Structures are given as structure tokens and as C-alpha cells.
Amino acid sequence: MSGPDSELLRVSALLRDRALAAYRRDLEAEARLRAERDRIDALRRAAPVGSGGLSAHQVLGMQAIWQGELLHRRAAIQMGLAEARARQGYSGSAARAAFSRDEAARRLVETARRARAAQWLAAEERSLEELARLRLWRASSEGRAGRPNCPDGRYP
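Residues numbered from 1 in each chain as written. Predicted model: local features only at pLDDT ≥ 70, side-chain atom pairs only at ≥ 80, totals over all residues. Heavy atoms only, no water.

A. Summary view of the overall build of the chain. In terms of helices and strands, the chain carries 2 helices and 0 strands. Within the chain, counting contacts between residues at least 6 apart in sequence, those at least 24 apart form 76% of the total. For the chain, the computed accessible surface area is about 11,500 Å², with 59% contributed by carbon and sulfur atoms. (Helix = DSSP H or I, 4+ residues; strand = E, 2+ residues; numbered from the N terminus. Contact = heavy atoms within 4.5 Å. Areas by Shrake-Rupley, 256 points an atom, 1.4 Å probe, with all protein chains shown as cover.)

Okay, here's the thing in C-alpha cells:
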């Protein structure tokens, strides 16, 4: 493989890997935010169950905490999840484009390789034809009839 071809493949693979890494990071960010939201929801569900021995003031205090800080944190997480999904859309399309570019580069390199191989085979064929003509000319100039490898022209 020639230098420019290998460089093209290396660069396209590097771009593809970077795009995939960005997409994976976005997926992991969404998973972290989703886990944090689930922990907050679990705390909210567990609070009334464990309040059997709590007074009304303590239950109201838990409700105030839920309505205050935890609710705001959950809302911030929900917004973060929406942003993470939007980033996934962009990074997913960038990853698909990078895969397409990488595949196109591979096809270009393969096409160029096949063209070089076809040129080499055509040059070899031309040189063999020229050698055959030269042998036929040499055989006819020496006065031998038939095939150049055969003294009497009956067999090769």
C-alpha cells in the first residue's frame, strides 16, 4: 500500500474512533444522570414507608426537603438528560458520518489498488506479447517454420 493510501486510511480510522468515543461518552453521561435520578426517586418512594414512627412534623420536614432541594436537583437532572439525548443525536450522526467516510476511504484505496494491479497486469501482458512477437520474428528470420520452440514445427 502506498503512503497516501495508508495515511488516508489511518486518518479516517482516527476520525471514526474519535466520533465513536464522543458517542460513548454521551451514552455514559446519560446513564450516570439516569442513575442519579433513579436514586432520588428511590429516596422519595422510601421516605413514607420508613416514617412509621415519625411525627407529623418530621413527615412535613421530609416533604419540605423533597419539595425543595431534591425536586430542584431532579429537575436539573431531567434537563441534563434532555441535553445528553440531544448530544447523543449529534454525536450519533457524527459517528455514522465518520463510519461512512471510513468506508468510502477504504473503497477508494481498494479501487486504486485494483487499478494499479490491472495496470501492472496489462503491462505484463504487453511485454509478454512483445516477447512472443520477437521470438516469432527471430524464428522466421532464422528460417524455421511453425513454432519458434519446435525445430520442425509439429509440437511446442
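B. Structural detail: the nonpolar core. Judged by nonpolar contacts, L33, I40, W66, I77 and L81 together constitute the single largest core of 5 residues. At the level of elements, α1 (3-49) and α2 (56-141) are the ones that each hand at least two residues to this core. Sorting elements by how many residues they give to this core places α2 first, with 3 residues. Not counting residues within four places of it along the chain, the set of residues in contact with I40 comprises W66, L70, R73, R74 and I77. (Core = buried A, V, L, I, M, F, W, Y, C linked by side-chain atoms within 4.5 Å. Buried < 20%, exposed > 50% of the residue type's maximum accessible area, 1.4 Å probe, protein only.)

C. Layout of the pattern of salt bridges. Here the structure, examined in full by the defined rule, presents 15 salt bridges. Where R16 meets D17, a salt bridge forms, and the shortest distance between an N and an O atom there is 3.2 Å. Taking relative accessible area as the criterion, R16 reaches 15% and is therefore assigned buried. Note that R113 and E110 form a salt bridge whose closest N and O atoms lie 2.5 Å from each other. (Salt bridge = Lys/Arg side-chain N within 4 Å of Asp/Glu carboxyl O.)

D. Broad picture of the side chain of R16. Among the secondary structure elements, R16 is positioned in helix α1. Apart from the residues lying within four places of it in its own chain, the contact partners of R16 are A98, F99, D102 and R106.

E. Inspection of a nonpolar patch on the surface at higher detail. Taken together, L128, L131, L134 and W137 make up a surface patch of nonpolar side chains, about 460 Å² in accessible area. When you line up the elements, L134 lands in helix α2. What makes L134 partly exposed here is its relative accessible area of 48%. (Patch = residues over 30% accessible without salt bridge, like charges linked within 9 Å, V, L, I, M, F, W, Y side chains within 5 Å.)

F. Structural view of the environment of I40. If you trace the backbone, I40 turns up in helix α1. Each C-alpha atom, one on I40 and one on R73, is 8.6 Å from the other, the two residues being 33 residues apart in sequence.

G. Broad picture of the side chain of Q88. Residue placement: Q88 occurs in helix α2. A residue is classified by how much of its surface remains accessible, and Q88, at 13% relative accessible area, is buried.

Geometric descriptors of this kind do not, in isolation, establish any biological role.
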